[in-house]
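Spelled out from the first residue to the last, the chains are:
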Amino acid sequence: RKEILLTILGTAMKDPAYATLRTREHLGYTVFTGSLSIASVEFFYMLLQGSHYTPEVMMDRVTAFLNSYRDTLHTLITKGSEDTPGGEEWFEVTKKDAINRLLSRPESQVGLSDYYAATAHSSWPFFNRAEYTLAAAQHLVKEDLLSFYDSYIIGDSRQLMIQLHGSAYPIQRNTSVPHRATFTSEKELRERLFDVNVDFLW
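All values derive from a computational prediction rather than experimental measurement. (Residues numbered from 1 in each chain as written. Predicted model: local features only at pLDDT ≥ 70, side-chain atom pairs only at ≥ 80, totals over all residues. Heavy atoms only, no water.)

Undergrad: What should I look at first to understand helix α4 (residues 87-103) in this one?
TA: For an α-helix, 3.6 residues make a turn, and residues three or four places apart therefore share a direction. The first and last C-alpha atoms of α4 sit 24 Å apart over 17 residues, in line with the 24 Å expected at 1.5 Å per residue. Considered for burial, the residues of α4 that qualify are G87, W90, F91, T94, K95, A98, I99 and L102. Down the axis of α4, the sector holding all buried residues measures 160°, keeping them to one side. (Helix = DSSP H or I, 4+ residues; strand = E, 2+ residues; numbered from the N terminus. Expected span 1.5 Å × (residues − 1). Buried < 20%, exposed > 50% of the residue type's maximum accessible area, 1.4 Å probe, protein only. Arc of directions from axis to C-beta.)

In C-alpha cells:
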C-alpha cells in the first residue's frame, strides 16, 4: 500500500519539482524525485544538484517546496490536471501507472537475476508480488494520498538528508535548527547512527 503511494508521489512530484527548483529558482542543474526499495524498506527521495548555492540553502528550499506542494496535491485529488480533469480520474490513472511501474520486471537476464536475488535476500521475501500489489490497490482512494503525504513527507517522519559540499563551500555546522545534525566524517556519522561496532557493514 505504502509502496504504491510512494510511487504515485514520486511520479506526480517530478515535473513540479523541476519547474520550481530548477526552472524558477535556478537552484541546481539536476532535480529529480522518485521512490525506491532497499531491503524491503520503501523510500521517497529528492535529488538536487547544483553549484551556485550552499547545501544548507538548497535544503531549506527543498523543505519549503515539500510544504507548498501539499496545496498542489490537494488540487490534483479534487480537480485533477489538464490531461485528466477530475480528481477521481486523475488518481485512478496515476495509480494504474504506479502499479504498472511496480510490476514491471527487468528485460535483461542479468537484471532479472539481480531482481530475484535482491528479493530472496530481503527481510521480507515474497514472489507473489502482483497478487499483493493488486489487492492493496483495490482499497486505495485519493484521500489516502493526501493523508500519506501529511504523515510521511511533511509530518513527523524520519528523514535522511545528505549534503555534499564542494570545495567552494566549506562545511559549517548548522546550530539554528536543533534536530538537524552535520557530520564531518564517516566515523562521526556511524557513532551517531549505531550503538554497536558496525565496521563490517561499511
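Continuing now.
Undergrad: What is the right way to read the pattern of salt bridges from this model?
TA: Oppositely charged side chains may form a pair once their charged atoms are brought near each other. Tallied over the entire structure, the rule returns five salt bridges. We note a salt bridge from D144 to R1, for which the minimum N-O separation is 3.3 Å. Linking D144 in helix α7 (residues 142-153) with R1 in the segment before α1 (2-12), this pair joins segments that are 143 residues apart in sequence. For R1, a relative accessible area of 49% corresponds to the partly exposed category. Of the charged contacts in the structure, one is a salt bridge between D97 and R101, with a shortest N-O distance of 3.0 Å. With a gap of four residues between them, D97 and R101 both fall in helix α4, about one helical turn apart. (Salt bridge = Lys/Arg side-chain N within 4 Å of Asp/Glu carboxyl O.)

Undergrad: Hey, could you run me through the nonpolar core in this one?
TA: Counting 34 residues, the largest nonpolar core has I4, Y69, L73, W90, L145 and Y149 as its most contacted members. Only α1, α2 (14-24), α3 (55-79), α4, α6 (129-138) and α7 provide two or more residues apiece to this core. Take this core: its biggest share by element is nine residues, from α3. Once you skip the residues sitting within four places of it in the chain, L145 turns out to touch L5, I8, L9, L73, I77, W90 and F91. (Core = buried A, V, L, I, M, F, W, Y, C linked by side-chain atoms within 4.5 Å. Contact = heavy atoms within 4.5 Å.)

Undergrad: I keep staring at the packing of aromatic side chains and nothing clicks. Help me out?
TA: Each aromatic ring pair is described using two quantities: the centre-to-centre distance and the angle formed by the ring planes. Taken as a whole and assessed by the stated rule, the structure comprises four aromatic pairs. Plain terms: the ring middles of Y69 and Y149 are 5.9 Å apart, the flat faces sit at 55° to each other, and that makes the pair tilted. You can see Y69 sitting in helix α3 and its partner Y149 sitting in helix α7, a full 80 residues away along the chain. Cluster of aromatic residues (ring-pair linked, three or more members): F65, Y69 and Y149. (Phe/Tyr/Trp six-rings, centres within 6.5 Å; stacked < 30°, edge-to-face > 60°.)

Nothing here speaks to function; it is all geometry.
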